[in-house]
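Overview (structure and organization)
Residue-level listing of the chains:
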Amino acid sequence: MATSAVRIKVLLFARFAELLGSTELDLELRSPATVRTVLDTLRERSGGARLPPSPLVARNQVHAQLDTALEDGDEVAVLPPLAGG
Amino acid sequence: MGFLAELPIEVRKVAARVVTPEHGGVVTFVGAVRNHHAGRSVVRLEYSAYGPMADAEFARIIAEAEVRWPARVAVEHRIGTLEVGDVAVVVVAAAAHRDAAFDACRYVIEELKRRVPIWKREHYADGSAGWVDPTAAGVSF
């Protein structure tokens, strides 16, 4: 199964959505994939080079790390600095 | 249970969700839109959120507080366009005695700022606008 693909949905918000010109992207990554793989892929897109080195990220609506492993069907969110309250 | 409000928040209604006759100490934190930020004059702002995760994170934070202290906590946070003076967030912590109520209320508002995916875009008096980045140097949080 080492060659299987990991299909994920990427959600972008606020300033990051403006940078990438999109709020939602479907990506197909080669397995094994981590959150870092997603960020590397986004950085190759137009505007993606301006993403910070280590943004906050979430996997399936839970805060995650750059080395968090991804599974097929996951939802990965890239979160600009939080400003609630 | 949704914690994000598209309409004005009524403090009394938030409190009514958790306050019971056994609660002798009720602490309410009200966060309002202020007219200045980092030396600039703010006229209004827009809150947006990653809704499903914000609700899940609020639920986790409240559960943590209610395990740590003998208190019940209710929270509501506005999204959408707010004017100066509008209520942006309300946290109500109710306990038998004041110590647990103060501690639980403080915990929830601080964790909210650290963990709940909500963003704020400010509109300034000079017509410009910008995303608020509390992690940026020189900006008070």
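Structure first, text after, so check above.
Residues numbered from 1 in each chain as written. Chains lettered and ligands numbered in written order. Predicted model: local features only at pLDDT ≥ 70, side-chain atom pairs only at ≥ 80, totals over all residues.

With that settled, consider the overall build of chain A. Each helix and strand counted, chain A has two helices and seven strands in total. Compactness check: chain A gives a C-alpha radius of gyration of 12 Å against a globular reference of 12 Å for 85 residues, within 12% of the reference. Along the first, second and third principal axes, the C-alpha atoms of chain A reach 45 × 30 × 20 Å. (Helix = DSSP H or I, 4+ residues; strand = E, 2+ residues; numbered from the N terminus. Rg over C-alpha atoms; globule rule 2.2 N^0.38 Å.)

Let us now look at the interface of chain A and chain B. Contact with chain A, which involves 15 residues of that partner, is made by 22 residues of chain B. Of all the secondary-structure elements, those providing two or more residues to the side of chain A that touches chain B are α1 (14–20) and β7 (75–79) of chain A. (Contact = placed C-beta atoms within 7 Å.)

Time to look at the environment of Ala63 of chain B. Note that Ala63 of chain B resides in helix α2 (residues 51–68). Separated by 10 residues in the primary sequence, Ala63 of chain B and Val73 of chain B have C-alpha atoms spaced 8.6 Å apart.

Moving on to the sheet that holds strand β5 (residues 62–64) of chain A. Residue and element names in this part refer to chain A. Taken in spatial order, the five strands make up an open sheet running β2-β1-β7-β4-β5, and their pairing is mixed. With one partner strand each, in any of the chains shown, β2 (24–30) and β5 form the two edges of the open sheet. For this sheet the average axis-to-axis angle between neighbouring strands, irrespective of direction, equals 35 degrees. The pairing of strand β1 (residues 5–12) with β2 spans seven bridges and is antiparallel. The residue of β2 that forms the bridge with Val6 is Leu29. (Pairing = 2+ DSSP bridges. Axes fitted to C-alpha atoms, helices over the stretch in contact; angles between N-to-C directions.)

Turning next to α2 of chain B. Residues and elements named next belong to chain B. Look at α2: 26 Å from first C-alpha to last across 18 residues, which is about the 26 Å you get at 1.5 Å a residue. Listed in full, the buried residues belonging to α2 are Met53, Ala54, Glu57, Phe58, Ile61, Ile62 and Ala65. In a view along the axis of α2, the buried residues occupy a sector of 165 degrees, so they form one face of it. Seen from the buried face of α2, the exposed residues on the opposite side, beyond 90 degrees, are Ala63 and Val67. (Expected span 1.5 Å × (residues − 1). Buried ≥ 20, exposed ≤ 12 C-beta atoms within 10 Å, placed from the backbone. Arc of directions from axis to C-beta.)

All names here are of chain B. Read from one edge to the other, the open sheet built from four strands follows the order β1-β5-β7-β2, with strand pairing classed as mixed. Only two strands of the sheet have a single neighbouring strand rather than two, namely β1 (4–5) and β2 (25–32). Bridge analysis of β1 against strand β5 (residues 71–78) gives two bridges, and the strand direction is parallel. Looking at β5, one finds that Leu4 is bridged to His77.

Moving on to unusual backbone geometry. Residues and elements named next belong to chain A. In this chain, Ser31 is followed by Pro32 through a cis amide linkage whose omega measures 0 degrees. Along the chain, Pro32 turns up in the loop between β2 and β3 (33–34). In this model, Asn60 sits at a positive phi of 50 degrees, which is unusual for a non-glycine residue. In this structure, Asn60 sits in the loop between β4 (56–59) and β5. Its identity as a non-glycine residue notwithstanding, Gln61 has a phi of 70 degrees, on the positive side.

On to the environment of Val84 of chain B. Residues and elements named next belong to chain B. On the secondary structure map, Val84 appears in the loop between β6 (80–83) and β7 (87–95). For Val84, a count of 14 C-beta atoms within 10 Å corresponds to the partly exposed category. Residues Val84 and Ala32, 52 residues apart in the sequence, show an inter-C-alpha distance of 7.6 Å. Ignoring sequence-local partners within four residues, the contact set of Val84 consists of Val33, Arg34, Asn35, Val42, Val43 and Arg44.

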